[in-house]
Amino acid sequence: MTTMADDAAVGELSAVDFIQLQQYMEYSTMNVKDVLKEFHAGGKLVQYRLGDRVDQTGFSLFLKSYLEVEDLPSDLCEFFHKTWRFVCVFSDGVCLKAVSCYFSVLEEGKPRDKLEFTFKLYDKDGNGVLDKPEVDIIITQMMRAADYLGWDVTELRPVLEDTMRAIDADNSGTVTLQEWVLGGMNNIPLLMAEKNGQHIWRMKNFNRPTHCCVCEGMLMGLRKQGLCCNVCKYTVHSRCANKNSVPCIRTYVRSKAEIGVSAHDWVRTESDSCRCEHCHKKIKTLGGKRCVWCHVTRHDECVSLGSSECDCGPLKDHILPPWAIYPLVKEEEDSESFEEGELTNMTADGNFLHITPVPQTHPLMVFVNPKSGGKQGERVLRKFQYLLNPRQVFNLSNGGPNPGLYFCRNLRRYRILVCGGDGTVGWILDAIDRAELVMSPPVAVLPLGTGNDLARCLRWGGGYEGSDLTETLRELERAVVVPMDRWSVRVVPDNPQDEGDPVPYEIINNYFSIGVDASIAHRFHTMREKNPQKFNSSNLHFQGIAILNIPSMHGGSNLWGESKKDSEGKDDRNLPEVITDRDMLKMSSQDLSDKRLEVVGLEGAMEMGQIYTGLKSKGHRLAQTSQITIRTNKALPMQIDGEPWMQPACTIHITHKNQANMMMAAPAKVSGFFHLK
């Protein structure tokens with residue numbers, strides 16, 4: 001058994017080391033299934049296995065293999081070993097099943113895959129069912145893990161036992177894999193639940209004097225001095241994280257009766273330069289509280305004196321406050337099956353969360369790709385979790401876009417903000433197509449990383465540079481909705497046996513390009529019957545052809561260029577389906593809503609560079625058309641929206657698919673001669 005000293009060490013260091021563990025996992029490419037194989041017969045670590053357990057050396061090697069860190073600090077390995085001995089109640093080692101189950105929950109991946117892995121892990125005799133002793137082991141491990149995490153487990157065991165009985169659909173006394181997966185999707189497992197009021201800690205370096213909200217002492221030390229909650233900014237010493245800290249903010253209310261009843265949610269604040277909203281006097285350090293929704297501050301003694309109603313402050317049009325979300329018991333849902341994505345917005349007792357939005361608002365659903373732009377995505381995710389309700393901020397590494405889209409599936413007035421690159425935007429637009437929502441929500445972009453051609457065209461800029469995100473939210477309120485054409489692309493190989501790379505996308509949002517030389521035959525389907533000689537009237541030797549939906553390619557190159565003004569104007573409704581006339585093309589401008597593609601010929605890479613640097617205004621305009629067929633007679637490099645592949649001889653069909661509602665920012669205010677957004 002573990003000693004009291006071990007227990008104290010676990011309680012004091014758990015928050016910090018848990019965060020450090022997550023940071024290691026973020027950069028590891030391994031999954032727990034592969035590492036576990038090394039402890040079975042034939043594996044290189046099998047000698048460290050003691051029945052169902054591994055000793056401290058074996059556990060250290062497990063961590064190093066799983067986290068892909070050779071120089072993992074020995075004190076950290078020792079700490080985790082003590083921690084898991086405490087959780088598993090073993091004195092001579094750590095239970096491999098418990099550790100593997102824990103890490104598999106933390107990994108990225110689909111809940112269904114995690115449930116299947118857990119089932120096989122606890123099906124000790126391999127007979128394809130979980131019998132009562134195996135189910136009891138699962139419940140016991142859940143109880144110990146919950147107790148270790150600081151949860152109130154007083155009434156947890158009967159709840160878990162009821163859940164397990166509900167999973168046994170045929171009342172046979174055993175649980176099959178199918179019952180386990182189906183039941184797990186509808187009765188969320190303990191370790192997958194998000195607890196209302198639970199802090200999301202991260203280690204932080206404070207660049208100004210900061211106090212611990214528990215012991216009120218200063219956070220001292222070099223580099224990262226303490227922990228800060230992403231959601232409410234509650235700050236503590238690492239040693240104080242598990243010592244009676246106040247809960248985090250509520251993210252939903254408990255019943256329908258509380259819907260629409262607005263109220264402040266107060267958290268401790270430094271407030272060394274703030275004045276009380278009620279008495280207007282200055283608030284001393286740690287002498288006041290701040291509402292997380294409207295951001296007003298009051299003295300501790302003034303909190304109960306002022307109005308209790310909250311209007312969510314300057315960002316009220318975007319915020320989905322807790323009094324707009326309540327749990328809907330499954331009996332109140334219709335008979336539709338529950339998908340994996342629904343797990344994200346469930347309470348710990350397995351009920352789904354339902355939205356009743358505040359009237360005259362447009363709740364913002366934020367989808368963040370944390371891997372975009374280096375560390376930018378992670379920082380943006382944390383900032384939005386603080387500015388908005390974390391229930392409306394979705395990490396795309398955790399189940400993709402489906403959880404968020406399912407959460408807002410019945411809303412009629414809301415917006416979506418995609419934080420990532422062009423590929424992330426395309427991912428969300430594809431998911432919206434498949435989700436069959438009651439309305440197609442307008443989509444804005446916060447560009448992360450480089451390139452970002454679509455964001456440039458929509459005036460959101462070429463990349464986020466760390467500016468205040470509240471200004472981005474204000475820009476969203478001034479933005480207008482524009483329809484954007486989207487195009488289906490179908491590639492038909494001449495010889496299905498030819499080996500080529502997989503086509504990356506079936507939809508074009510930005511552009512399609514193909515490398516060609518003089519020996520390649522290419523014709524456009526809609527021009528064959530129109531005057532194909534006009535298309536071939538140029539004697540230039542093109543090395544590439546670009547088919548454009550938006551006026552930006554490769555990080556800002558406008559290959560179509562600016563168009564001459566037609567003094568007499570033009571009526572787009574009377575334009576031919578295919579335009580190849582040179583004079584007409586000179587005056588033809590790009591429009592991402594006109595259901596037309598622009599075709600540009602390129603002489604080579606040097607010409608591309610000249611256009612990008614401004615030495616040349618555009619490529620060679622060849623056509624505007626509403627559908628295209630391209631035929632090639634040998635393997636060529638191609639790309640869709642920046643994703644390249646090598647394609648054997650084929651026929652390519654490009655046709656109009658639909659239009660997505662996009663949000664275009666208002667024109668930037670010019671503050672200087674050289675200022676451009």
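Residues numbered from 1 in each chain as written. Predicted model: local features only at pLDDT ≥ 70, side-chain atom pairs only at ≥ 80, totals over all residues. Heavy atoms only, no water.

### Looking at the sheet that holds strand S11 (residues 297-299)
Spelled out, the test is: Should DSSP find at least two bridges between two strands, the strands are taken to pair. Going along the chain from the N terminus, every DSSP run of H or I of four or more residues is numbered as a helix, and every run of E of two or more is numbered as a strand. Every axis corresponds to a line fitted to the C-alpha atoms, with the helix fit spanning only the stretch in contact, and the corresponding angles, defined between N-to-C directions, vary from 0 to 180 degrees.
The 3 strands lie next to each other as S9-S10-S11, forming an open sheet whose pairing is antiparallel. The strands lining the two open edges of the sheet, one partner per strand, are strand S9 (266-269) and S11. The sheet shows a mean angle of 40° between the axes of neighbouring strands, direction not considered. The pairing of strand S10 (residues 288-291) with S11 spans 3 bridges and is antiparallel. By the bridge assignment, Gly288 is partnered in S11 with His299.

### Observations concerning helix H10 (residues 376-387)
Formally: In this analysis, the expected span of each helix is defined as 1.5 Å times one less than the number of residues it contains. With a 1.4 Å probe rolled over the protein chains alone, any residue whose accessible area is under 20% of its type maximum counts as buried; one over 50% counts as exposed, and the rest are partly exposed.
In a regular helix each residue adds 1.5 Å, so 12 residues correspond to 16 Å; H10 covers 16 Å between its end C-alpha atoms and thus fits that length. Along H10, the residues that are buried comprise Gln376, Gly377, Glu378, Val380, Leu381, Phe384, Gln385 and Leu387.

### Some words on helix H12 (residues 422-435)
An ideal rise of 1.5 Å per residue puts 20 Å on 14 residues; H12 measures up with 20 Å between its terminal C-alpha atoms. Listed as buried for H12 are Asp422, Thr424, Val425, Gly426, Ile428, Leu429, Ala431 and Ile432. Looking one or two residues beyond H12, the residue adopting positive phi is Glu436, at roughly 55°.

### A short note on the pattern of salt bridges
Quick reminder of the rule: Criterion for a salt bridge: a side-chain nitrogen of Lys or Arg within 4 Å of a carboxyl oxygen of Asp or Glu.
Under the counting rule described, the total for this entry stands at 10 salt bridges. In this structure, Asp430 and Arg486 form a salt bridge, with 2.6 Å as the shortest nitrogen-oxygen distance. Within this pair, whereas Asp430 is found in helix H12, its partner Arg486 is found in strand S18 (residues 480-493), the two being separated by 56 residues in sequence. In this structure, the salt-bridge partner of Glu471 is Arg474, at a minimum N-O distance of 3.6 Å. Taken as a pair, Glu471 and Arg474 lie in helix H14 (residues 469-478) at a separation of 3 residues, close to a single helical turn.

### A look at the state of the cysteines
To keep it simple, the criterion reads: Cysteine sulfur atoms are paired as a disulfide whenever they come within 2.5 Å of each other.
Under the defined criterion, the tally for this structure stands at 0 disulfides. Looking at Cys276, it has no disulfide partner, and the nearest cysteine sulfur is the one in Cys279, 3.7 Å off. Cys276 gets classed as buried once you look at its relative accessible area, which sits at 2%. Cys302 carries a free sulfur, and the closest cysteine sulfur to it, the one in Cys276, is 3.9 Å from it.

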